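Here's the letter readout for the chains.
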Protein chains: 2
Amino acid sequence: MVEITKATLADGREIIYFDDTPHTDRVLEDSRDLPQVTPASEMRRDPLTGDWVAFAAHRMNRTFMPPANENPLAPTLPGQLPTEIPSPSYDVVVFENRFPSFAMGMEDYEEDVDEMGLVPRKPAKARCEVVCFTSDPELSFKDLPVSRIRTVIEAWAHRTSALSALPEVAQVFPFENRGAEIGVTLQHPHGQIYSYPFLSPRMQAIVASSQAYEGDLFQDILDKEREAGTRIIAETEHFTAFVPAAAKWPLEAMVMPNEYAADFTELSSAQRDDLAALLKKLYTAVDRFFDGVEKTPYIAGWNLAPADPTLRGDVRMHLQLFSLMRSPNRMKYLAGSESAQAVWINDTTPERIAARFKEVWDA
Amino acid sequence: MVEITKATLADGREIIYFDDTPHTDRVLEDSRDLPQVTPASEMRRDPLTGDWVAFAAHRMNRTFMPPANENPLAPTLPGQLPTEIPSPSYDVVVFENRFPSFAMGMEDYEEDVDEMGLVPRKPAKARCEVVCFTSDPELSFKDLPVSRIRTVIEAWAHRTSALSALPEVAQVFPFENRGAEIGVTLQHPHGQIYSYPFLSPRMQAIVASSQAYEGDLFQDILDKEREAGTRIIAETEHFTAFVPAAAKWPLEAMVMPNEYAADFTELSSAQRDDLAALLKKLYTAVDRFFDGVEKTPYIAGWNLAPADPTLRGDVRMHLQLFSLMRSPNRMKYLAGSESAQAVWINDTTPERIAARFKEVWDA
């Protein structure tokens, strides 16, 4: 059982504790004198590509690699400087990002950039949240006990439900960036939940593919992958982990439920248990993937069905976990082809990636 | 006048010299005993996004930051180890990449990955070329005299014409990656020309936007940008340099001809002269952009109209030049939102970028 406690930080942001062990020390008051960050997030649509781009100039000043004694994601211990979490302990905690890319509370406007008539702009309204996986700054997601991963899933489900219900939100995107190699500014184990006021280019493409496909695209992908077998990493009662047949990254894995589910809210308790155990094994394998690399840098992102009820049926939830690491000392850079044209070149093959996953799976 | 000389390297690859000064020392024989690289490039279509991904496993072993005396892009001087360029001098030289992402010469096949019926795969047929801007390894593009930049444009035009004529090629993409910060493996000043057997996701989006627009999208963007003025960097007789109103990167500039041109082959001699002078100023400003940074890492990519004659009219050529540098000591990382969902968050604004360009333009 997870106990949920809500409170408010000094500047009005929401904080939500998800406790799977008894805590009697919840501190609901934030003692800090915290200056309000005025979000100035704006979004503009590129007339050439049709993509929305978000501008968050207030993020220029965000916290960057603070010393350990200023870890803003640690619990606030008696006699120490207050952190973002007023309580002296927590299991899993979620709070609104102090430097959000998308934020609420801006004044409404909807106009064209310089009256261009070509580049619409408006406030980038949605919410960005931080999810602390554990109060121990030394752990990684894979080090959490399965029961704690289960609590993280509970938190994801809670937030997906709450954020999807906001009229501004079109898509909820829980993800984790891990590793200084990809620019992570805080080493404390945590993920983020972005919500977008539009469908991301990836989600738009998935919806279009799914709608254009006769039948259940996701079910057929799973069935075909099982039939082929060469890219399957692991199968459990409720989930399958595999390397996509057109993987873009030097390390990539996908996790998909064996039966349709739009997002975390539609997973049964048994499915959540099953997923928690599978994620622990998968993330462990990621850290065994490269010889001599104890912490593989990675990005893990959950593709969840759009909030729009008419589109929900088009997308089955799936995790995309990938790394830019090519070998123990070399990273893949997103250079001209990837960054400028969005054409990915992969120097390995999905089958090799899967073979390596299977090699280290039970190591 | 540019004199064009073609020759063949030891492993059969084509090399083409573009000389704007007299050379009497062209060496047309490559003395090396060069083992043939068997290209194994394959492309597969992602069933979820519809994007083609290229697999080039043979690239895993490509040359990585060789010591200066093994610079493969230097001319071959008497008594020294032979390089990729057999001649002892050159002005601008183009040759086929030894480790290409897209290559010709693979056996034809067109089938499904593991008979999935969902993931088509076939050889990734097209050509990838290297363009050496100068024989001096210490220079950058911006250091070239305008007359030499003019020769580079001549080379781009020549190669665009030749590559577009290949039946396998759908799009030609000349670009330069500059800086170790973005993974450049050879410091010698050079660019690349990729050709793609499909339209890149960016080009597909541009074609779709252009077709859906009533009127001339590119002309209207230019007109509106001039009217607004706030993002214009420089205007010349034939070209305009500006910061796109929805710029994705912390430093970004676009250069577009004032009148329609599909690609370099359609530029008059006067337009090429004008462009060469403008590029020298623009690239110089890029290296003045960040205080204390002498070599700003950047990606410069030319969006050229598709090879398909029925689509050429939809796209006006334009340069996209951008940097992942946010400030002298900080890079932008493409983390979860950008890499996993293709949603860009920019921590500055296009207007600030343009103001900075104008500040350093005549410095």
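Conventions and cut-offs
Residues numbered from 1 in each chain as written. Chains lettered and ligands numbered in written order. Predicted model: local features only at pLDDT ≥ 70, side-chain atom pairs only at ≥ 80, totals over all residues. Heavy atoms only, no water. UniProt positions renumbered as here; feature names shortened; annotations may be inferred. Least-squares fit on C-alpha atoms with pLDDT ≥ 70 in both. Contact = heavy atoms within 4.5 Å. Pairing = 2+ DSSP bridges. Helix = DSSP H or I, 4+ residues; strand = E, 2+ residues; numbered from the N terminus. Axes fitted to C-alpha atoms, helices over the stretch in contact; angles between N-to-C directions. Expected span 1.5 Å × (residues − 1). Buried < 20%, exposed > 50% of the residue type's maximum accessible area, 1.4 Å probe, protein only. Arc of directions from axis to C-beta. Salt bridge = Lys/Arg side-chain N within 4 Å of Asp/Glu carboxyl O. Polar contact = N/O pair within 3.5 Å; in protein donor to acceptor, adjacent residues only side chain to side chain. Nonpolar A, V, L, I, M, F, W, Y, C, P; charged D, E, K, R; others polar.

- For chain A, the name recorded in an unreviewed UniProt entry is Galactose-1-phosphate uridylyltransferase, with Corynebacterium simulans as its organism.
- As its UniProt record puts it under Cofactor (unreviewed entry), chain A is described as follows: "Zn(2+)".
- Chain A has a UniProt comment under Sequence similarities (unreviewed entry) that states "Belongs to the galactose-1-phosphate uridylyltransferase type 1 family."

1. Examining the relation of the copies chain B and chain A
Stage number 1. In the superposition of chain B on chain A (RMSD 0.0 Å, axial shift 0.0 Å), the rotation amounts to 180°. What we have between these two chains is a two-fold relation. When C-alpha positions in chain B are compared against the rotation axis, the closest is assigned to Leu334(B), at 4.2 Å.
Stage number 2. Mapped onto chain A, 99% of the interface residues of chain B again fall at the interface, so both copies present the same surface.

2. Observations concerning the sheet that holds strand β9 (residues 171–178) of chain A
All names here are of chain A.
Stage number 1. The eleven strands are arranged β1-β2-β5-β8-β10-β9-β14-β15-β13-β12-β11 in an open sheet whose pairing can be described as antiparallel. Here the strands that pair on one side only, and so sit at the sheet edges, are β1 (3–8) and β11 (232–235). If you compare each strand with its neighbour and ignore which way they point, the axes differ by 20° on average.
Stage number 2. Both β9 and strand β10 (residues 190–196) contribute to a ladder of five bridges, which runs antiparallel. In the strand pairing of β10, phenylalanine 173 is matched with tyrosine 194.
Stage number 3. Against the sheet, helix α1 (residues 146–164) makes contact with β1, β2 (14–19), β5 (92–96), β8 (128–132), β9, β10 and β14 (298–303), and its axis sits at roughly 145° relative to β2, the strand it touches most.
Stage number 4. Strands in contact with helix α3 (residues 217–228) are β11, β12 (239–242), β13 (251–257) and β15 (318–323); relative to β12, the strand with the most contacts, it is inclined by about 65°.

3. Focus on helix α3 (residues 217–228) of chain B
All names here are of chain B.
Stage number 1. Over its twelve residues, α3 extends 16 Å from the first C-alpha to the last, a length consistent with the 16 Å expected when each residue adds 1.5 Å.
Stage number 2. When α3 is considered as a whole, its buried residues turn out to be Leu217, Phe218, Ile221, Leu222 and Glu225. The buried residues of α3 all sit within an arc of 135° when viewed along its axis, so they share a single face.
Stage number 3. Positioned one or two residues after α3, glycine 229 has a phi angle of 80°, which is positive.

4. Overview of unusual backbone geometry
Stage number 1. Notably, Ala342(A) is not glycine yet its phi reads approximately 65°, a positive angle.
Stage number 2. Locating Ala342(A) in the fold gives a position in the loop between α6 (336–341) and β18 (345–346).
Stage number 3. The class for Ala342(A) is partly exposed, based on a relative accessible area of 28%.
Stage number 4. If you check the backbone angles, Asp114(B) has positive phi at about 50° while not being a glycine.
Stage number 5. Among the structural elements, Asp114(B) can be located in the loop between β6 (111–112) and β7 (120–123).

5. Notes on the pattern of salt bridges
Stage number 1. The tally for this structure, following the rule as stated, stands at 78 salt bridges over all chains.
Stage number 2. We note a salt bridge from Arg231(B) to Asp114(A), for which the minimum N-O separation is 2.7 Å. Of this pair, Arg231(B) sits in the loop between α3 and β11 (232–235) while Asp114(A) sits in the loop between β6 (111–112) and β7 (120–123), each in a different chain.
Stage number 3. Shared partners join several salt bridges into a network, and the residues in it are Glu42(A), Arg44(A), Glu111(A), Asp114(A), Arg121(A), Glu225(B), Arg231(B) and Glu351(B).

6. Concerning the interface of chain B and chain A
Stage number 1. Contacts between the two partners involve 85 residues from chain B, matched on the other side by 84 residues from chain A.
Stage number 2. Here chain B is connected to chain A by four salt bridges.
Stage number 3. Linking chain B with chain A are 28 residue pairs in polar contact (both at pLDDT 80 or more), by the criterion used here.
Stage number 4. Per-element accounting of the side of chain B that touches chain A gives the leading share, seven residues, to α3(B).
Stage number 5. Tallied by class, the residues present in the side of chain B that touches chain A amount to 47 nonpolar, 19 polar and 19 charged.
Stage number 6. In terms of strand pairing, strand β4 (residues 52–55) of chain A meets strand β18 (residues 345–346) of chain B through two bridges, oriented parallel. The residue of β18(B) that forms the bridge with Ala54(A) is Ile345(B).

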